[in-house]
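# An overview of the molecular structure
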Amino acid sequence: MSRYGPVAIVAVLAAILVAVVMAVVAVFVAGPRDVALPSASPTPTPATPTPSASASPPPTASAPAGDRYVSALLGYSLELPPPWHRSSCMGVVTQQSATPGGEVFVPVSVRDEASTDIGSRYPTLAATAEANPQGLTPRQWAEDQSRSGGTAGQRIEDVTYAGRPAARKTLAGTPLASFEPVDTYYVANAGRMYVVRPDVKAPPEAATLQTMVRIIASFRFLTEAEQAAARAALPTAPPPRTPEQVADGVAAAFAAKDAAALGGFLSACVFTAGENAGGSSVSREKYLDDLRAAFAAGLVVTVRPRPLDGDRASGNLSVASTWTDPRDPKGPLDRKLMLRAGDNGRWELQGTVERYR
């Protein structure tokens, strides 16, 4: 299995290994060695953002063909042409979260989601919402570098976005222009400031760029009735599950080399990290595929389901395990299996932390 680079991701396991966990939830794995690793809504009338002379083509009123994603808790919708979808490995909100923060959309299949400490290898689009108790205007928010960052040469202008006053940040003429050819939008709604921000890392293909621009243009706020209907349609959270049940189930699955059984205890995105170092993550599907290959090559994982270490109240615990891979010349490897309390008190295995040897 391969080594992992540093991770910078959404905070998840803060109470157990803050240095590792806060940087591990949105990263991806490289191969079986680290597989201890794996892993109908209304459409309001479009309001075209006011065009400007920027490095990126201004969003147009026409949205791409595709499904309209509805964020029941954040109160907006947008068109996502396949394969774009809300990421399971990036973002800080689930549809069951009581305190929404943001969502990230990606143009790859669920299985192929991947990211490292510097982000993903493919473009992403984030929609975030933050409380705005001071009632800042979109321009004030965009100009506040402590909130939105800043780059010499950037331009902030007043526009109309999602049918209401907004601000647009353009990086044309800045060193980052070639890496962020799509503009960022700021718009207020219901006491929060929404930021729709692209992240492309490198100039994307023209078709991808145009798709991102059109997705951004399709952003709409839900009416109160639409949001209430969307909330009512949210799926029921799975029943609670104790960390002891997860630890015992994971131990039995590893002992039987049963990847399918293990999948029932895994989070949608699974990380692998180094203790006091970095890590990476993969989708549950990729993690399990890599794990099957590792089992076939002779990997043996012994889990010690007790004791449970960590702070149960924080929703973060761990159990010890030893990974013995005949392909590894260094011999057995100790890993902590990181357990986290998910929605509705349902615990799950979210990843592993590798101890130095």
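Data block above holds the structure.
Our subject in this report is the structure included herewith.

To continue, consider the environment of S87. One can find S87 in strand β3 (residues 85-91). C-alpha separation for the pair S87 and S283, spaced 196 residues apart in sequence, amounts to 9.7 Å. In this structure S87 touches V104, F105, V106 and E113, once residues within four positions along its chain are discounted. Of the polar contacts made by the side chain of S87, one reaches the side chain of E113; its length is 2.4 Å.

It is worth spelling out the sheet that holds strand β15 (residues 316-324) at this point. The strand order β5-β13-β12-β17-β16-β15-β14 describes an open sheet built from seven strands, whose pairing is mixed. Bordering the open sheet on either side are β5 (114-115) and β14 (300-311), each of which pairs with just one other strand. Each of β14, β15, β16 (333-341) and β17 (347-354) is contacted by helix α6 (residues 243-255), which is oriented at about 170° to β14, the strand it contacts most. Along the sheet face, helix α8 (residues 284-296) touches β12 (266-274), β13 (279-283), β14, β15 and β17 and points at about 60° away from the line of β12.

With that settled, consider the state of the cysteines. Enumeration over the complete set of coordinates arrives at one disulfide. The disulfide partner of C89 is C269, and the S-S distance across this bridge is 2.0 Å. Here C89 and C269 share a disulfide; its torsion about the S-S bond, 110°, makes the bridge right-handed. Of this pair, C89 sits in strand β3 while C269 sits in strand β12, placing them 180 residues apart in sequence. On the accessibility criterion, C269 (6% relative accessible area) is buried.

Turning our eyes to something else, we now look at the environment of S120. Relative to the helices and strands, S120 resides in the loop between β5 and β6 (124-131). In contact with S120, not counting residues within four places along its chain, are A114, S115 and K201. One polar contact links the side chain of S120 to the main-chain carbonyl oxygen of Y122, over a distance of 2.5 Å.

Another point: the nonpolar core. Among the nonpolar cores identified, the biggest contains 29 residues, and V250, F254, L262, Y287, W323 and L339 are the most heavily contacted of them. Among the elements of the structure, α6, α7 (259-263), β12, α8, β14, β15, β16 and β17 are those that each provide at least two residues to this core. Considering every element that reaches this core, the biggest residue donor is α6, with six residues. Setting aside residues up to four positions removed in sequence, L262 forms contacts with V250, A253, F254, Y287, L288, L291 and L349. Formed by 27 residues, the second largest nonpolar core is a distinct cluster that contains A129, A166, V196 and L209.

With that settled, the discussion passes to the sheet that holds strand β1 (residues 67-71). Picture the strands of a sheet paired through backbone hydrogen bonds; they go either parallel or antiparallel. What the three strands build is an open sheet, ordered β1-β2-β11; its pairing is antiparallel. The sheet is open, and its two borders are formed by β1 and β11 (220-221), each paired with just one other strand. In this sheet, β11 lies alongside strand β2 (residues 76-80) in antiparallel orientation, the contact comprising two bridges. Along β11, the bridge assignment pairs S77 with R220.

Criteria and thresholds
The numbering scheme is per chain: residues are counted from 1 as the chain's sequence reads. Side-chain atom pairs in this predicted model are given and counted only at pLDDT of 80 or more, local residue features only at pLDDT of at least 70, and totals for whole chains, interfaces and linings cover all residues. Calculation of side-chain values draws on the structure's entire complement of heavy atoms; hydrogens and water are dropped beforehand. Helix and strand definitions follow DSSP, with helices as H or I runs of at least four residues and strands as E runs of at least two, each counted in order from the N terminus. We call two residues contacting when some pair of their heavy atoms lies within 4.5 Å. Between N or O atoms, a polar contact is any pair within 3.5 Å; within protein, one atom must be a potential hydrogen donor and the other a potential acceptor, and residues adjacent in sequence are included only when both atoms are from side chains. Strand pairing is assigned whenever DSSP detects at least two bridges linking the two strands. Orientation is described by lines fitted to C-alpha atoms, with helices fitted over the stretch in contact, and by angles between N-to-C directions that extend from 0 to 180 degrees. Disulfides are defined in this document as cysteine sulfur pairs within 2.5 Å. Any residue under 20% of the maximum accessible area for its type is buried, any over 50% is exposed, and the rest in between are partly exposed; the area is computed with a 1.4 Å probe on protein chains only. By nonpolar core is meant a set of buried Ala, Val, Leu, Ile, Met, Phe, Trp, Tyr and Cys residues that side-chain atoms within 4.5 Å join together.

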